[in-house]
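# What the coordinates show
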Amino acid sequence: KITEDEFRSISRSVKGTLTLDIINNAVSEIEQVCTQKYSMLAGMKSGGHKNVKHKEKYHHWSSKAYQQAVIRHRDLEVPEHGERPWISEQELRDSCAFFRIGESSARATLSILRALKRLKQVCGRNSQFTYVCLPLT
């Protein structure tokens, strides 16, 4: 979560009308999407070839949707990601409510999270942006 002191350190021109609650909700959504994505990918690597996690949330390893998710992940992976978890901008658009608020608000949210060193923007393959989730220091 972002603290009030961290939030105050961001200039008003970057924050615009965004509030600390909106930013913290975005952090929670990003963490949730990352956790779901990496749980699914870990299921494949660990040999969880039947049903990965809960049937309602994750697809059977041979399902088309599951295979497409793995292919999308591999297609965007670049060395700059290292061993850290990352998420594509498209995954954020598809899964996070802060992108439904509006494009400029979503961009400001991502700018704030980059400025606070919670995310690092990396250009993935095919000029698609990805975001590395940085650990708290």
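Figured I'd write up the structure that's included with this text.

### A word on the overall build of the chain
The helix and strand tally for the chain stands at seven helices and three strands. The linear arrangement of helices and strands in the chain, starting from the amino end, is α-α-α-α-β-α-α-α-β-β. Taken over 137 residues, the chain has a buried fraction of 38%. Considering only residue pairs separated by 6 or more positions, the chain has 55% of its internal contacts joining residues 24 or more positions apart.

### Brief notes about the sheet that holds strand β2 (residues 119-123)
Within a sheet, neighbouring strands are paired by backbone hydrogen bonds and run either parallel or antiparallel to one another. Taking strand neighbours across the sheet as the criterion, the three strands line up as β1-β3-β2 in an open arrangement whose pairing is antiparallel. At either margin of the open sheet sits one strand with a lone partner, and together these are β1 (86-88) and β2. Geometrically, the sheet is characterised by an average inter-axis angle of 30° between neighbouring strands, direction not taken into account. In this fold helix α7 (residues 103-115) packs onto β2 and β3 (129-133), with an angle of close to 110° to the strand it touches most, β2.

### Concerning the nonpolar core
In this structure, Ile2, Ile30, Leu92 and Phe98 are the most contacted members of the largest nonpolar core, which totals 25 residues. Looking at this core, the elements that each hand over two or more residues are α3 (20-45), α6 (98-101), α7 and β3. If one sorts the elements of this core by residue count, α3 sits on top with seven residues.

### A word on the pattern of salt bridges
If you walk through the whole model with that rule in mind, you get eight salt bridges. The partner of arginine 8 in a salt bridge is aspartate 5, and the shortest N-O contact between them spans 2.4 Å. Of the two residues, arginine 8 and aspartate 5 are both situated in helix α1 (residues 4-8); the distance of three residues between them amounts to about one turn of the helix. Exposure remark for aspartate 5: the relative accessible area of 55% places this residue in the exposed category. Between arginine 107 and glutamate 103 there is a salt bridge whose closest N-O contact spans 3.1 Å. Here arginine 107 pairs with glutamate 103, and both are found in helix α7, just four residues apart, close to one helical turn. Taken together, the salt bridges that share partners define one network made up of Glu89, Arg93, Glu103 and Arg107.

Criteria and thresholds
Each chain carries its own residue numbering, running from 1 in the direction its sequence is written. The predicted nature of this model means local features are confined to residues of pLDDT at least 70 and side-chain atom pairs, given and counted, to a pLDDT of 80 or more, with totals for whole chains, interfaces and linings taken over all residues. To get the side-chain values, take all heavy atoms of the structure and skip hydrogens and water. Strands here mean DSSP runs of E at least two residues long; helices mean DSSP runs of H or I at least four residues long; both are numbered from the N terminus. Residue burial is assigned from relative accessible area. The probe radius is 1.4 Å, only protein chains are included, and a residue is buried under 20% of its type maximum, exposed over 50%, and partly exposed in between. In this analysis, two residues are considered to be in contact whenever any of their non-hydrogen atoms come within 4.5 Å of each other. Strands are labelled as partners when DSSP assigns at least two bridges between them. In this description, a line fitted to the C-alpha atoms serves as the axis of each element, helices being fitted only across the stretch in contact, and the angle between N-to-C directions of two axes falls anywhere from 0 to 180 degrees. To qualify as a nonpolar core, a set must consist of buried Ala, Val, Leu, Ile, Met, Phe, Trp, Tyr and Cys residues joined through side-chain atoms within 4.5 Å. When a carboxyl oxygen of Asp or Glu is within 4 Å of a side-chain nitrogen of Lys or Arg, the pair counts as a salt bridge.

These figures capture arrangement, not role.
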